[in-house]
Structures are given as structure tokens and as C-alpha cells.
Amino acid sequence: MLKADAFLVVYSVVDKATFSRADQLLNMLHDMDVSRSRPTILVANKIDLARSRAVSSQDGKCLACTHKIKFIEVSVAINHNVDELLAGILSQIRLKREQSAVQGVREPSSSAHWYKNRSVVRASMKARQMITWIFGKEDSKFKNCENLQVL
């Protein structure tokens, strides 16, 4: 895992268990402190199965924002957003490498905890999600996690 250029964590929007597993994997990546120096993208797959959807788009965005990573919804079956994902992976790798060269990001260590308490961040994101739902205006934090062309 330490030699990976990027991490893609994929879950199915029709299976809540895969979403929970994605959350566990993201926690593991954060605990290993490898997601700071390498791009990580949360990928929601099977969005073509809208009637069977068990995980909302907002839940995916909230999880991505909580972990300070990127998010995209795709459907491999109908080739929706697959090209955007592939181009976004390359963009994220380039941007992270440029950032690392400028800032001199240190190597990952298993004991480093550079992030805030994730439960507090998640509660904040859930509150933002509720405000978005009530007022109908999407928060800029959610929009930023979907733009794969910027860090």
C-alpha cells in the first residue's frame, strides 16, 4: 500500500454494507497516514440502479468531506462518469505530487494523527447536510469534494 500512487475506495449505492466497509477502509488509510501524501477518491458505483438505491449521494459526499477526500458517482454498466474518474485520478496524482514537492510532505507513519476528531467533523458535515436539505442550497464544501481537477 505504501507504493500506491492513489487510492480508490469503491462502494455500491445499492448495498449499505459496502458503504460501511468503505468508511472502515478510509479510517484505516487515515490511521496509516498515507492519504495525506496520496490522493484518495471515494467512488459510488451502480448509480444507474436508482430505484434500488440504499446510500444517498449526500451520504457519500458527507463521508468524503469528513475524510477530506474527493468523491464521484459512476455507473460502470452504462459508462457514466468513468472517463471523468480516470482523468480525475491522473489530475489528483499530479496535483498531489506538485503539492508534495512544494511542501515537502513527510513519509507516512502509523502513529501520526494529523486530522481532527472524525466524529466531530462528521457531526458538522451532517449538520451541513441538514441545512442543505432544508434550504435547498448546496454547501461549497460538498461541491469542492466533487471537483477532481483541484486538491
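Just above sits the structure.
Residues numbered from 1 in each chain as written. Predicted model: local features only at pLDDT ≥ 70, side-chain atom pairs only at ≥ 80, totals over all residues. Heavy atoms only, no water.

Participant: Would you mind going over the pattern of salt bridges with me for this structure?
Facilitator: Pairs can form between side chains of opposite charge whenever their charged atoms are close. Under the counting rule described, the total for this entry stands at four salt bridges. In this structure, Asp 5 engages Arg 97 in a salt bridge whose closest nitrogen and oxygen atoms are separated by 2.7 Å. With Asp 5 in the segment before strand 1 (7-12) and Arg 97 in helix 3 (residues 82-103), this pair connects stretches of sequence that are 92 residues apart. Under the relative-accessibility criterion, Arg 97 is labelled exposed at 51%. A salt bridge links Arg 53 to Glu 73, with the shortest nitrogen-to-oxygen separation between them at 2.3 Å. (Salt bridge = Lys/Arg side-chain N within 4 Å of Asp/Glu carboxyl O. Helix = DSSP H or I, 4+ residues; strand = E, 2+ residues; numbered from the N terminus. Buried < 20%, exposed > 50% of the residue type's maximum accessible area, 1.4 Å probe, protein only.)

Participant: Can you walk me through the sheet that holds strand 1 in this structure?
Facilitator: The strands making up a sheet associate through hydrogen bonds between their backbones, and the pairing can be parallel or antiparallel. Read from one edge of the open sheet, three strands run 1-2-3, paired in parallel fashion. Both edges of this open sheet fall to strand 1 and strand 3 (70-73), since each of them pairs with a single strand only. When strand polarity is set aside, the average angle formed by the axes of neighbouring strands in this sheet is 20 degrees. Looking at chain direction, strand 2 (residues 40-45) and strand 3 are connected through four bridges and run parallel. For Leu 42, the partnering residue across the bridge sits in strand 3 and is Phe 71. In the packing of helix 1 (residues 16-31) onto the sheet, contacts are made with strand 1 and strand 2, and the angle to strand 1 comes to roughly 160 degrees. With respect to the sheet, helix 2 (residues 57-66) is in contact with strand 1, strand 2 and strand 3, its orientation differing from that of strand 3 by roughly 160 degrees. (Pairing = 2+ DSSP bridges. Axes fitted to C-alpha atoms, helices over the stretch in contact; angles between N-to-C directions. Contact = heavy atoms within 4.5 Å.)

Participant: I'm lost on the pairing of strand 3 in this one. Help?
Facilitator: The side chains of a regular strand alternate between the sheet's two faces. Of the two faces of strand 3, both are covered, the one formed by Lys 70 and Ile 72 as well as the one formed by Phe 71 and Glu 73. Once you follow strand 2 into helix 2 and on to strand 3, the crossover reads as right-handed. (Right-handed = clockwise from strand over helix to strand, strands pointing away.)

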